[in-house]
Amino acid sequence: MADDPEAARARPPLDGDTTADVVVVGAGYTGLWAAYYLLEADPSLDVLVVDAHVAGFGASGRNGGWCSSLFPVGPDALARRHGADAARAMRAAMRDTVVEVGGVTAAEQIDCDFRFGGTVTLARTAPQVERVAAQVAEASRWGDEAHLLDADEVGAHLRASRVLAGSWTPDCARIQPARLAHGLARLVEQRGARIAEGTTALRISPRAVVTDRGTARCRWVVRATEAWTTQLRGSRRAAAPVYSLMIATEPLPADVWAQIGLDRGQTFTDARHLVVYGQRTADDRIAFGGRGAPYHLGSGVDPAYDRVPRVHAHLHDALVDLFPQVAPYAVTHAWGGPLGVPRDWHPSVGLDPDTGLGWAGGYVGDGVGAANLAGRTLADLVTGADTPLTRLPWVGHRSPAWEPEPLRWAGITAARWLTAWSDRAERRTGRRSRPYDAVAPLLGG
């Protein structure tokens, strides 16, 4: 989306060996929120945050700008795994998280364009209508506010092509992601944390982090590396770094926005299988993204993978299909990055008191809100607080390892192809894709 005019200043790397109470590896949302809440709980703590690049370099600085209550594991599936009470508590915690982020950004004066506009989900084929209705019914069973809309009611939020129905939930806010990351980094420094950029963690050990700039010894280590976890020694199969790509248009004129809507900070998506997501930015662009980029053999992560012209072109086609009036306007930004996908699509947060090793991640692209909840939970775990957050069902969860290569590449590539094929088949036939139903459990469905 639009550039952050207050981009983070360069911070010096770690200068040799050091000590701290807590070392956080990763200066994205998870690590920065953990530092913020640790220092809120105990201002005397010496907190060091290290990052191989700069604060907000990863998904935290380049995501779609949805601070939502979304969680990759749906409440029905959570109930099957952890019980109904645990599922209900997780849903309530995620809803409260959106409010918490809004409250902190207001109180701490972090200018990140936070606007509580909710999410509109469009249904543009008969199978999508069925899915949206099922999603609303499931959400309502677990205390989430979700409203099924007919085509005219969808039009009160936004006007897109071929809309048959839709839904709206209030539990999402639009943000400018880089501004939130950079604002958090400045804030935790003001609270007393140290941030060492350009400092690569080579090995995370009990009570110590070995980096290319020195060793940091500590009481507690928090791993907050998300997709980059796969780059740590011995962690190649811990997650799959799957790329999501985005485009942003030039600012659109007022008459175009009068045709489209989105005048209250709503985010939007539709009910296709291959996820897309968008928002109207504060400077009147459309920022629009989606999955579909290739997975790279061996859990590869490389800046060269952030831009795939073919996928960016498909995103533009999808955007114009939704909003034909956008066609004459230029795409001024195109970017992307990896998100972390655990084998069971189940995010987790935890702390081993014997080794002092803590972790959080595996958000599958729903991390803006979940990272705040993870940061609060990690702070409670490190400080020994017994709170409702430390009893949520994702605390202590351990996902199985991904298959070794080339099975991992083959499975993820086949699933991506089948997902795209199923969307095309549903558009062509107007009938639900049964082949996708067979693979949905492997994709978190």
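Computed from a predicted model, the values in this text were never measured in an experiment. (Residues numbered from 1 in each chain as written. Predicted model: local features only at pLDDT ≥ 70, side-chain atom pairs only at ≥ 80, totals over all residues. Heavy atoms only, no water.)

A. Region of the structure containing the overall build of the protein. Regarding its fold elements, the protein presents 12 helices and 18 strands. In terms of C-alpha radius of gyration, the protein reaches 21 Å, essentially the compact-globule figure of 22 Å for 445 residues. Expressed along its principal axes, the backbone C-alpha trace of the protein runs to roughly 60 × 45 × 40 Å. Per-residue burial over the protein gives 59% buried out of 445 residues. Intrachain contacts of the protein at a sequence separation of at least 6 include 77% that bridge at least 24 residues. (Helix = DSSP H or I, 4+ residues; strand = E, 2+ residues; numbered from the N terminus. Rg over C-alpha atoms; globule rule 2.2 N^0.38 Å. Buried < 20%, exposed > 50% of the residue type's maximum accessible area, 1.4 Å probe, protein only. Contact = heavy atoms within 4.5 Å.)

B. Highlighting helix 10 (residues 367-383). Between the first and last C-alpha of helix 10 there are 23 Å, a value that for 17 residues agrees with the 24 Å anticipated at 1.5 Å per step. Remark: Gly-384 follows helix 10 within two positions and exhibits a positive phi of approximately 80°. (Expected span 1.5 Å × (residues − 1).)

C. Just the packing of helix 1 (residues 29-41) against helix 7 (residues 177-190), in detail. Interaxial distance between helix 1 and helix 7 falls to 10 Å at its minimum, and their mutual angle equals 35°. Read as a crossing pair, helix 1 and helix 7 show a hand that is left-handed. Across the interface between the two elements, Tyr-29, Leu-32, Trp-33, Ala-35, Tyr-36 and Leu-39 of helix 1 pack against Pro-177, Leu-180, Ala-181, Leu-184, Ala-185, Leu-187 and Val-188 of helix 7. (Axes fitted to C-alpha atoms, helices over the stretch in contact; angles between N-to-C directions. Left-handed = near helix turned anticlockwise from the far one by under 90°.)

D. Geometry of the environment of Val-256. By the element assignment, Val-256 lies in helix 8 (residues 254-260). For Val-256, a relative accessible area of 3% puts it in the buried group. Here the alpha-carbon distance between Val-256 and Gln-325, two residues 69 residues apart in the chain, equals 6.9 Å. In contact with Val-256, not counting residues within four places along its chain, are Gln-325 and Tyr-329.

E. Fine view of the packing of helix 1 against helix 10. Where helix 1 contacts helix 10, the axes come no closer than 7 Å and their chain directions differ by 40°. By the angle between their axes, helix 1 is oblique relative to helix 10. Crossing angle aside, the handedness with which helix 1 passes helix 10 is right-handed. Counted together, Tyr-29, Thr-30, Trp-33, Ala-34, Tyr-37, Leu-38 and Ala-41 of helix 1 and Val-368, Ala-371, Asn-372, Ala-374, Gly-375, Arg-376, Leu-378, Ala-379, Val-382 and Thr-383 of helix 10 form the full contact between these two elements. Its residues placed into classes, the contact of helix 1 with helix 10 shows 12 nonpolar, 4 polar and 1 charged. (Parallel < 35°, antiparallel > 145°, perpendicular 65-115°, else oblique. Nonpolar A, V, L, I, M, F, W, Y, C, P; charged D, E, K, R; others polar.)

F. Spotlight on the pattern of salt bridges. Overall, the coordinates contain 23 salt bridges when judged by the stated rule. Between Arg-124 and Asp-321 there is a salt bridge; the shortest N-O distance is 3.0 Å. With Arg-124 in the loop between strand 4 (119-123) and helix 5 (126-141) and Asp-321 in helix 9 (residues 309-322), this pair connects stretches of sequence that are 197 residues apart. Accessibility expressed as a relative area gives 10% for Arg-124, which makes it buried. Close ionic contact of Asp-386 with Arg-391 constitutes a salt bridge, the shortest N to O distance being 2.6 Å. (Salt bridge = Lys/Arg side-chain N within 4 Å of Asp/Glu carboxyl O.)

G. Region of interest: the packing of aromatic side chains. Scanning all chains against the criterion turns up 10 aromatic pairs. Centre to centre, the rings of Trp-33 and Tyr-36 are 5.9 Å apart; their planes meet at 85°, and the pair counts as edge-to-face. Here Tyr-36 and Trp-33 lie together in helix 1, a separation of 3 residues that amounts to about one turn. Across the pair, exposure class does not vary: Trp-33 and Tyr-36 are buried alike. Every member of this aromatic cluster is reached through a ring pair, and the members are Trp-33, Tyr-36 and Tyr-37. (Phe/Tyr/Trp six-rings, centres within 6.5 Å; stacked < 30°, edge-to-face > 60°.)

H. View of the pairing of strand 15 (residues 286-290). Within strand 15, 5 of the 5 residues are buried, which leaves it mostly tucked inside the rest of the structure. Covered by surrounding structure in strand 15 are Ile-286, Phe-288 and Gly-290 together with Ala-287 and Gly-289, the residues of both alternating faces. Of the pairings in the sheet, the one linking strand 14 (residues 276-280) to strand 15 comprises 5 bridges and is antiparallel in character. Residue pairing for strand 15: Gln-279 is matched across the bridge by Ala-287. Taking the residues that link successive antiparallel strands as the turn, the strand 14-strand 15 hairpin has 5 residues, and the phi of Asp-284 there is positive, at about 70°. (Pairing = 2+ DSSP bridges.)

I. Representation of the sheet that holds strand 4 within the structure. Taken in spatial order, the 8 strands line up as 5-6-4-13-14-15-12-16 in an open sheet, and their pairing is mixed. Two strands in the sheet have a free side with no partner beyond their single neighbour: strand 5 (147-150) and strand 16 (331-341). The mean angle between the axes of side-by-side strands here comes to 20°, regardless of whether they run parallel or antiparallel. Of the strand pairs in this sheet, strand 13 (residues 267-270) and strand 14 are connected by 2 bridges, and their pairing is antiparallel. Looking at the pairing, Thr-267 lines up with Gln-279 of strand 14.

J. Spotlight on the nonpolar core. Tyr-29, Trp-33, Val-47 and Trp-394 are the most contacted members of the largest nonpolar core, which totals 60 residues. For this core, the leading source of residues is helix 1, giving 9 residues. Ignoring any residue separated from it by four or fewer positions in sequence, one finds Trp-33 in contact with Val-101, Val-104, Leu-180, Leu-184, Ala-371, Asn-372 and Gly-375. Of all hydrophobic cores here, the second largest spans 29 residues; its members include Leu-158, Phe-288, Val-311 and Phe-323. (Core = buried A, V, L, I, M, F, W, Y, C linked by side-chain atoms within 4.5 Å.)

K. Focus on helix 4 (residues 84-107). When the terminal C-alpha atoms of helix 4 are compared, their 34 Å separation across 24 residues agrees well with the 34 Å that a helix rising 1.5 Å per residue should span. A positive backbone phi angle near 55° is found at Gln-109, which sits one or two residues after helix 4.

L. Representation of the pairing of strand 13. Burial along strand 13 is two-sided: the residues Thr-267 and Thr-269 and Phe-268 and Asp-270 are all buried. Hairpin connection from strand 13 to strand 14: 5 residues lie between these consecutive antiparallel strands.

Remember that the coordinates give geometry; whether it matters functionally is a separate question.
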